Every structure is written in C-alpha cells, then in structure tokens.
Amino acid sequence: MDRMLNRQTTWFLINIKARREQTTEHYVRAFRSLYEQDPLVCFPRGGKSGSLKNVTFSSLLDEKSNPKWIHIGLLSYTIIDRDAFYDKRNQEDVIIDDWNDDIVANKKETDLYFIPSVHTLAVRCSSDISLKNIVYYLSEALNSLEPDTFDVDVIIERDILERVLNAHAVTHIYANISYSNPGHTNGFEAAFDQKLRGLG
C-alpha cells in the first residue's frame, strides 16, 4: 500500500542581479555561458574547488521563448596534489607518476534552481555545499565571464520572498491516492478534483 508522507523542505534564496541589462534574456545567456565555459573556482577556505556537474534549461518557455527555470548541478571537491602522497606505515613520501589529474576527492554536490524572470536562485537549506561557498562560486564564476557585472546576495527581505513564491503558477498536479474503503472512490475523486479547481 502506498503511504502519503508529509515532508517539508526549507530553502535559501539567492538574488543574482546584473548591474546592467537586467533582462531575462541576459540571465539566460549568462547561465548558458557558464555551462559552456565551466570555470573552476577555488573556495577561500578548506582547500576545495567548485565547478558544474550539469545545467538543464526548462522546456517550459515564457512569451519570449526563454526557459522559465534553470537547474544547475554544482560540485565541490578537493584537487589532489600528486606530489603530496605519503605512506604512513613506511613513513616515506610516495611519488605516483601515472596519476590522472582529472580524479578529485571528497566530492559533494547540490542542486540549484534559478528563475531568470525574478533573477533568483533557490537551494535547499540541507545542501551538502555550504551557502557561503555557493554564493562565492556564483559570484566568482559569473563575474569571470562578465567582469564586474553580477551582484550575488542571500535574500532576507520578506517582500522579495513573496515575489519569488508567487512567480510560478501550478499547471499540473499528479496524485497517487489509495483508499482504505474502495466503495467511495468515485465520489472522493470528484470532490478532490472540484476542490483543486476551486483553488485555481
């Protein structure tokens, strides 16, 4: 039997504001460039670096054919120094001549969701990459593509939060419903449908 779980997710919201050309098209272009160039950003603490895992542009488009949202997969990892290996049992340095420099360690990843129309990015509060490093990555990476163009800040004002929350309309709801008493199936489905239509 399927169970309905009541789950709640909390989010950080990050404002990405261009100092010039504050248009949806500009933000979409910036993230396309970010995806194509994938700059490596070294975080200020902890010896880790950040880069992109993937970027997906929504197939839902606005009236100007811009994607309504962009999903970004962000990675954080340690770049391994091939000259810094040590054998602690034999107490000696180890040189690995055929080390593959593309292999990194301590990988963490998180999902970011950017809404170009309100130039706002959402990330779960439970992200494996710290909010500070996410903000740092976005600021450094975007400004490396267009110098001194983007300000990246965490949103704390309630009115901006309301704008973001109201930026999207629900277009589809899929429900998987199980019944303890199957005799009332049709009546419940009709009542459920009517209630949802009344909300729109």
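Please read these numbers as outputs of a predicted model, since none were measured by experiment.

(A) View of the overall build of the chain. When you go through the chain residue by residue, the secondary structure sums to four helices and nine strands. Taken from the N to the C terminus, the helices and strands of the chain come in the order β-α-β-β-β-β-β-β-β-α-β-α-α. Taken over 200 residues, the chain has a buried fraction of 30%. Taking all contacts inside the chain whose residues are at least 6 apart in sequence as the whole, residues at least 24 apart take part in 63%. A total accessible area of about 14000 Å² is found for the chain, and carbon and sulfur atoms account for 49% of it.

(B) How the structure looks around the packing of aromatic side chains. In the structure shown here, the tally under the stated rule is six aromatic pairs. When the centroid spacing of 5.9 Å and the interplanar angle of 75° are considered together, the rings of Trp-11 and Tyr-113 count as edge-to-face. Taken together, the positions of Trp-11 in strand β1 (residues 11-18) and Tyr-113 in strand β7 (residues 104-115) put the pair 102 residues apart, joining distant regions of the chain. For Trp-11, a relative accessible area of 37% gives the class partly exposed. An aromatic cluster of three or more residues is present, and its members are Tyr-27, Phe-31, Phe-114 and Phe-150. Above the ring of Phe-57, the side-chain terminus of Arg-32 is found at 4.2 Å from the ring centroid.

(C) Layout of the environment of Asn-54. Note that Asn-54 resides in strand β3 (residues 48-57). Not counting the four nearest positions on each side in its chain, Asn-54 is found in contact with His-71, Ile-72 and Gly-73.

(D) Local environment of the sheet that holds β7. Ordered in space as β2-β3-β4-β7-β8-β1-β9, the seven strands form an open sheet in which the pairing is antiparallel. The sheet is open, and its two borders are formed by β2 (41-42) and β9 (150-154), each paired with just one other strand. Summarising the sheet, β2 and β3 pair through two bridges and their orientation is antiparallel. Within β3, the residue paired with Cys-42 across the bridge is Ser-49.

(E) Highlighting the environment of Ser-51. Inspection of the secondary structure assignment puts Ser-51 in strand β3. In this structure Ser-51 comes out as buried when scored by relative accessible area, which is 8%. Along the primary structure Ser-51 and Glu-109 are separated by 58 residues, whereas in three dimensions their C-alpha atoms are 9.8 Å apart. With sequence-adjacent residues up to four places away left out, Ser-51 is seen in contact with Asp-38, Pro-39, Leu-40, Gly-73, Leu-74, Leu-75, Tyr-77 and Tyr-137. A distance of 2.7 Å separates the side chain of Ser-51 from the side chain of Tyr-77, its partner in a polar contact.

(F) A look at the pattern of salt bridges. Going through the model one piece at a time under the given rule, you end up with six salt bridges. Asp-151 serves as the salt-bridge partner of Arg-19, at 2.7 Å between the closest nitrogen and oxygen. Pair noted here: Arg-19 is in the loop between β1 and α1 (24-37) and Asp-151 is in strand β9, with a separation of 132 residues, a long-range link. For Asp-151, a relative accessible area of 29% translates into the label partly exposed. Note that Asp-101 and Arg-82 form a salt bridge whose closest N and O atoms lie 3.3 Å from each other. Of this pair, Asp-101 sits in the loop between β6 (92-94) and β7 while Arg-82 is found in the loop between β4 (70-79) and β5 (85-87), placing the two residues 19 residues apart along the sequence.

(G) How the structure looks around the nonpolar core. Counting residues in hydrophobic clusters, the biggest one holds 27 residues, and the most contacted among them are Ile-14, Ile-16, Ile-72 and Tyr-137. Going through the elements one at a time, β1, α1, β3, β4, β7, β8 (120-124), α2 (131-145) and β9 are the ones with two or more residues in this core. When residues in this core are grouped by element, the largest group, six residues, is from α2. Discounting residues that sit within four places of it in the chain, Ile-14 has contacts with His-119, Thr-120, Leu-121, Val-123, Leu-131, Ile-134, Val-135, Leu-138, Val-152, Asp-153, Val-154 and Ile-155.

(H) Layout of the side chain of His-119. Mapped onto the elements, His-119 comes out in the loop between β7 and β8. A distance of 2.7 Å separates polar atoms of two side chains, one belonging to His-119 and the other to Asn-15.

Scoring rules and cut-offs
- Residues numbered from 1 in each chain as written.
- Predicted model: local features only at pLDDT ≥ 70, side-chain atom pairs only at ≥ 80, totals over all residues.
- Heavy atoms only, no water.
- Helix = DSSP H or I, 4+ residues; strand = E, 2+ residues; numbered from the N terminus.
- Buried < 20%, exposed > 50% of the residue type's maximum accessible area, 1.4 Å probe, protein only.
- Contact = heavy atoms within 4.5 Å.
- Areas by Shrake-Rupley, 256 points an atom, 1.4 Å probe, with all protein chains shown as cover.
- Phe/Tyr/Trp six-rings, centres within 6.5 Å; stacked < 30°, edge-to-face > 60°.
- Lys NZ or Arg CZ within 6 Å of the ring centre and 35° of its normal.
- Pairing = 2+ DSSP bridges.
- Polar contact = N/O pair within 3.5 Å; in protein donor to acceptor, adjacent residues only side chain to side chain.
- Salt bridge = Lys/Arg side-chain N within 4 Å of Asp/Glu carboxyl O.
- Core = buried A, V, L, I, M, F, W, Y, C linked by side-chain atoms within 4.5 Å.

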